[in-house]
Amino acid sequence: MKLQIQSISNSFSEQAIALILNIQQNEFNIPITVEDQPDLIEIESFYHEKGGNFWGAFVEGELVGSIALVKFDEKAAAIRKMFVKKECRGKEFNIAQILLETLITFCKEQKIEDLYLGTVNVLKAAQRFYERNHFIKIEKETLPASFPLMSADDVFYHLNID
């Protein structure tokens, strides 16, 4: 399996929507639509133009994973759209880990010091993944005022990047 990680733009919107909605709706029964996620259609204006990024993981040209970064403060950003196709999950593929490390490297280069994320309680494996990567679970009330809250999120994490 040859894995390629690259920054993606609006030209990959359809592939990103197909990957992410399938996982959200069909795998985890999260009642969310593409209309609830306009960032998937406007990747460039939502992520790139504000100092963040959106990466895709590709295997033989197929988008099998994603991770995005929303910069919401001078030195703070939020992880969004961390999804890996079911068949490509796990330590043997390591795609989620590689995507997260790509994002953290970008944060260090951009002098972003605080990384936050929100997830959904039902996504237990995702929570274990973030905790293995030294993210600390925090209360919603302790999020920065400018954190871009997603309505579905009910579990929150923080990582200080040294």
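Residues numbered from 1 in each chain as written. Predicted model: local features only at pLDDT ≥ 70, side-chain atom pairs only at ≥ 80, totals over all residues. Heavy atoms only, no water.

Undergrad: Kindly report on helix α4 (residues 124–132), identifying the contributing residues and their values.
TA: Listed in full, the buried residues belonging to α4 are Gln127, Phe129 and Tyr130. One face of α4 carries all of its buried residues, which in axial projection span an arc of 160 degrees. Lining the buried residues of α4 we find β4 (76–84), α3 (95–109), β5 (114–119), β6 (136–138) and β7 (155–160). Phi turns positive, to about 75 degrees, at histidine 134, one or two residues after α4. (Buried < 20%, exposed > 50% of the residue type's maximum accessible area, 1.4 Å probe, protein only. Helix = DSSP H or I, 4+ residues; strand = E, 2+ residues; numbered from the N terminus. Arc of directions from axis to C-beta. Contact = heavy atoms within 4.5 Å.)

Undergrad: An account of the sheet that holds strand β2 (residues 53–59) is needed here, citing residue identities and associated values.
TA: Two strands in a sheet stick together by hydrogen bonds in their backbones, pointing the same way (parallel) or opposite ways (antiparallel). In spatial order, the strands read β1-β2-β3-β4-β5-β7-β6; together these seven strands make up an open sheet with mixed pairing. The sheet is open, and its two edges are formed by β1 (3–7) and β6, each paired on a single side. For this sheet the average axis-to-axis angle between neighbouring strands, irrespective of direction, equals 25 degrees. Bridge analysis of β5 against β7 gives six bridges, and the strand direction is antiparallel. Looking at the pairing, aspartate 114 lines up with asparagine 160 of β7. (Pairing = 2+ DSSP bridges. Axes fitted to C-alpha atoms, helices over the stretch in contact; angles between N-to-C directions.)

Undergrad: Requested: an account of helix α1 (residues 13–27), with residues and values cited.
TA: Between its first and last C-alpha atoms α1 spans 20 Å; for 15 residues at 1.5 Å apiece the expected length is 21 Å, and the two agree. Ser13, Ala16, Ile17, Leu19, Ile20, Leu21, Ile23 and Gln24 are the residues of α1 that are buried. Among the structural elements, α2 (43–46), β2, β3 (62–73) and β4 are those in contact with the buried residues of α1. Asparagine 29 sits one or two positions beyond α1 and adopts a positive phi of about 55 degrees. (Expected span 1.5 Å × (residues − 1).)

Undergrad: Any chance you could break down unusual backbone geometry for me, citing the residues and the numbers?
TA: A positive phi angle is found at glutamate 60, which is not glycine, with a value near 50 degrees. With respect to the element layout, glutamate 60 can be found in the loop between β2 and β3. Of the residues examined, glutamate 60 reaches a relative accessible area of 73% and is grouped as exposed. In this structure, histidine 134 is a non-glycine residue whose phi angle is positive, near 75 degrees. Among the secondary structure elements, histidine 134 is positioned in the loop between α4 and β6.

Undergrad: Could you give an account of the nonpolar core, naming the residues involved and the relevant values?
TA: In this structure, Ile67, Leu69, Ile79, Leu100, Leu103, Leu115 and Phe135 are the most contacted members of the largest nonpolar core, which totals 28 residues. At the level of secondary structure, the elements contributing two or more residues to this core comprise β2, β3, β4, α3, β5, α4 and β7. A per-element tally of this core places α3 first, with seven residues. Beyond its immediate sequence surroundings of up to four residues, leucine 103 is in contact with Trp55, Ile67, Ala68, Leu69, Ile79 and Leu115. If you look at the next biggest cluster of nonpolar residues, it comprises 18 residues, including Ile8, Leu21, Ala68 and Phe83. (Core = buried A, V, L, I, M, F, W, Y, C linked by side-chain atoms within 4.5 Å.)

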